[in-house]
Amino acid sequence: MLADAIRSETYRLSKNRTALFWSVLFIPIMGVILATLGFVVAKANEAKLAGKLPPDMMKGGPLDLGMALVKSAGDFANPAILMFVLIGAATIYAGDYRWETWRLISARNTRPNLLTGKVAVVGLVIVLATIAALISDVIASVIQAAVFGRPLTFSMTGAAAADFGLLTLTSWARILQFTMLGLLAAVVTRSLLAALFAPLVIGVAQFFLPQLLLPMGVTPDGWLLPLLSPGMATDLLKAAIEGGASAAQLPDHAVLKGVLSLALWIGVPFAASVAWFNRQDLSKE
């Protein structure tokens, strides 16, 4: 039954090329275009920009594609990706309310399975967006090497491969967590606009939360802020994975705080959505 729900949601999304484009392809395509323009302009004004740009951008040794992939995995869950992946997620979560199709499909499967199928497909969209972003960053690195005449290499040690996998998983979990707020908003309000804007509003509020709570004596070293801010929890996990000076400055139990925060912000909205959906009257949908 769950497999049927996942298969049907995947099929429906495959027919929605607009949502797929904005969620999966738009940011990678724009990233390559803007990076190419930046490299070309920087090369044309190389003398004027000397000392004003990162020293390893225009000159230096070989450009390592392996390290570029690791960096891309760490930077993937950025605000632009969150916002555009949310377009596809909101379409999946709120589409049946908008098109009034819940009453047609709810009789063929259990309600928890229907929501779980949607979440599974959103997870797949995030995977596709991740792959597209990684390919985009590799293409940008190749263009950078061509414009500035730098050789290309590829190296990936076991430690770097582990970092790449963990950073990719962390970014995936962060994006999924962000979309779960859209699921809850869609189920409660039956509105596509709410599924789009509620996560954005909550995300902005969480960004400013440390500044608001600091005068009250709530510091980033404690448990409260990471649990209230999944973005901060993600930063803790990334710092722990990347190591170095940033990892040395992490508070106690940073990894536990990060994992627990993401797990709560994924699990609680999903459980609340299922509970609300089970009690919802769909006769008018």
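Cut-offs used in this document
Residues numbered from 1 in each chain as written. Predicted model: local features only at pLDDT ≥ 70, side-chain atom pairs only at ≥ 80, totals over all residues. Heavy atoms only, no water. Helix = DSSP H or I, 4+ residues; strand = E, 2+ residues; numbered from the N terminus. Expected span 1.5 Å × (residues − 1). Salt bridge = Lys/Arg side-chain N within 4 Å of Asp/Glu carboxyl O. Buried < 20%, exposed > 50% of the residue type's maximum accessible area, 1.4 Å probe, protein only. Core = buried A, V, L, I, M, F, W, Y, C linked by side-chain atoms within 4.5 Å. Contact = heavy atoms within 4.5 Å. 1 Å grid on protein atoms, 1.4 Å probe; cavity = no way out; pocket = protein on both sides within 12 Å on 5 of 7 lines; lining within 4 Å. Points joined across faces, edges and corners; volume = space filled by probe spheres on them. Nonpolar A, V, L, I, M, F, W, Y, C, P; charged D, E, K, R; others polar. pLDDT = per-residue confidence, 0-100. Axes fitted to C-alpha atoms, helices over the stretch in contact; angles between N-to-C directions. Parallel < 35°, antiparallel > 145°, perpendicular 65-115°, else oblique. Left-handed = near helix turned anticlockwise from the far one by under 90°.

Another point: helix H8 (residues 158-189). Along its 32 residues, H8 runs 47 Å from first to last C-alpha, staying within 8% of the 46 Å computed at 1.5 Å per residue. Within two residues after H8, arginine 190 carries a phi angle of roughly 60°, on the positive side.

The subject of this paragraph is the pattern of salt bridges. Taken as a whole and assessed by the stated rule, the structure comprises 6 salt bridges. Notably, a salt bridge pairs arginine 12 with aspartate 96, separated by 2.8 Å at the nearest N-O pair. Of the two residues, arginine 12 sits in helix H1 (residues 2-14) while aspartate 96 sits in helix H5 (residues 79-98), which places them 84 residues apart along the sequence. Taking relative accessible area as the criterion, arginine 12 reaches 31% and is therefore assigned partly exposed. Aspartate 96 sits in the buried class, given a relative accessible area of 1%. With a shortest N-O distance of 2.9 Å, aspartate 75 and lysine 71 are connected by a salt bridge. On the criterion of helical spacing, the pair formed by aspartate 75 and lysine 71 is a turn pair, its members being 4 residues apart in helix H4 (residues 65-75). Looking at aspartate 75, the relative accessible area reads 41%, which means it is partly exposed. Take lysine 71: its relative accessible area is 57%, and that puts it in the exposed class.

Before going further, it helps to examine the nonpolar core. If you look at the biggest cluster of nonpolar residues, it comprises 36 residues, and the most contacted ones within it are Tyr93 and Ile175. Among residues more than four places away in sequence, those in contact with tyrosine 93 are Lys118, Val119, Val122, Thr179, Met180, Gly182, Leu183 and Ala186.

What the largest pocket holds in volume is close to 750 Å³. Lining the largest pocket are 27 residues, and of these Ala68, Lys71, Asp137, Ala140 and Ser141 sit closest to its centre. Listed by contribution, the elements that provide at least two residues to the lining of the largest pocket are helix H2 (17-44), helix H3 (55-58), strand E1 (63-64), H4 and helix H7 (111-148). Per element, the largest residue contribution to the lining of the largest pocket is 8 residues, and it comes from H2. Residues of the lining of the largest pocket, tallied by class, amount to 15 nonpolar, 6 polar and 6 charged.

Relative to the helices and strands, valine 127 is located in helix H7. Since its relative accessible area comes to 34%, valine 127 is described here as partly exposed. Placed 41 residues apart in sequence, valine 127 and threonine 168 show a C-alpha to C-alpha distance of 9.4 Å.

For arginine 190, which is not glycine, the phi torsion reads 60° and is therefore positive. Assignment of secondary structure puts arginine 190 in the loop between H8 and helix H9 (192-213). Of note, the phi angle at histidine 253 is positive, near 60°, even though the residue is not glycine. Note that histidine 253 resides in the loop between helix H12 (245-248) and helix H13 (254-278).

This paragraph deals with the confidence of the model for the protein. As a general rule, the predicted coordinates of low-pLDDT regions are not to be interpreted in detail. In the predicted model, the protein carries a mean pLDDT of 88, and 94% of its residues have values of at least 70. Summarising per-element confidence for the protein, the mean pLDDT is lowest in H3 (59) and highest in H13 (95).

Position of alanine 133 among the secondary structure elements: in helix H7. Relative accessible area serves as the criterion here: at 10%, alanine 133 is assigned to the buried category. Those residues in contact with alanine 133 that sit more than four places away from it in its chain are Pro28, Ser72 and Phe76.

This next bit is on the packing of helix H11 (residues 230-242) against H13. Two numbers describe how H11 lies on H13: the axes approach to 8 Å, and their chain directions differ by 140°. With respect to their mutual orientation, H11 and H13 come out oblique. The hand of the H11/H13 crossing is left-handed. Residues Pro230, Ala233, Thr234, Leu236, Leu237 and Ala240 of H11 touch H13, and the partners they reach there are Ala254, Val255, Lys257, Gly258, Val259, Ser261, Leu262 and Trp265. Classifying every residue of the contact of H11 with H13 by side-chain character gives 10 nonpolar, 3 polar and 1 charged.

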